[in-house]
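Architecture at a glance
Listed below, chain by chain, are the residues.
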Amino acid sequence: PPIATPEPVAPPTPPVAPQFTPGNPDLVPNQFSSGLTTAEAYAACGPAAAVAFARSQGRNPTMQEALNLARQVGWNANQGMAGPTSQVQLMQSMGIPTRLQPGDPSPSLIARDVGGNNPVIISTPNHYFVIDGFNPQTGEYHVGNSGTAYRTGAPWLTMDRIRQIGGGIQGTIY
């Protein structure tokens, strides 16, 4: 009888990061269902924002990887990140080029970056909100999971609502 030739087996495909599309609900990981301890999850909005930026560039780090790097730039479970400068340092340690604009955000710069498929982070004293879409009819920004981390939040928020929930605005990270 003829000898059967085995079919070639394709190598396993590596996990693929969610494709960046403005308003993508999967861009920002849910910090509360990422396998972190409860204390870590409550303080992990900075690492979650960094994961979102990495995903927008086709990479898919885990929350634990981002958290480990965040610890090296001042993150801890009691305070979270040590301000927007440490957030920039975290993302730079992940190979993500960023720049910080202190003070109130510029709607035109946000529109430019989001329109170019680059998310934007709004740094507030209480939280990091990741913007990846805008609805000009409502004036709301898509902040996805970063907006629902608070009970009073939502996936779409105005800048005034972001300011209110976050306790003000420290700066914008592009």
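Below is a summary of the structure that appears in this document.

How each quantity is defined
Residues numbered from 1 in each chain as written. Predicted model: local features only at pLDDT ≥ 70, side-chain atom pairs only at ≥ 80, totals over all residues. Heavy atoms only, no water. Helix = DSSP H or I, 4+ residues; strand = E, 2+ residues; numbered from the N terminus. Buried < 20%, exposed > 50% of the residue type's maximum accessible area, 1.4 Å probe, protein only. Contact = heavy atoms within 4.5 Å. Salt bridge = Lys/Arg side-chain N within 4 Å of Asp/Glu carboxyl O.

Right, let's talk about the environment of A66 for a bit. Along the polypeptide, A66 turns up in helix α3 (residues 63-71). On the basis of relative accessible area, A66 is assigned to the buried category, the value being 0%. Along the backbone, A66 and P47 are 19 residues apart, and their C-alpha atoms lie at a distance of 5.2 Å. Not counting chain neighbours up to four residues away, the residues in contact with A66 comprise P47, V51, L90 and M94.

Time to look at the side chain of T98. Inspection of the secondary structure assignment puts T98 in the loop between α4 (84-93) and β1 (100-102). The class of T98 is buried, set by a relative accessible area of 14%. In this structure, T98 is in contact with F53, V88, M91, Q92, I173 and Y174, ignoring residues within four places of it in sequence.

In this section: the pattern of salt bridges. Counted by the stated rule, this structure contains five salt bridges. Taking the shortest distance from any N to any O, the salt bridge between E40 and R71 comes out at 2.7 Å. Placement of E40 in helix α1 (residues 38-42) and of R71 in helix α3 is noted, with a sequence separation of 31 residues between them. Looking at E40, the relative accessible area reads 13%, which means it is buried. Put simply, D104 and R163 hold a salt bridge, and the shortest N to O gap is 3.2 Å. With D104 in the loop between β1 and α5 (107-115) and R163 in helix α7 (residues 159-166), this residue pair connects regions lying 59 residues apart in the sequence. On the accessibility criterion, R163 (28% relative accessible area) is partly exposed. Connected via shared salt-bridge partners are R99, R112 and D113.

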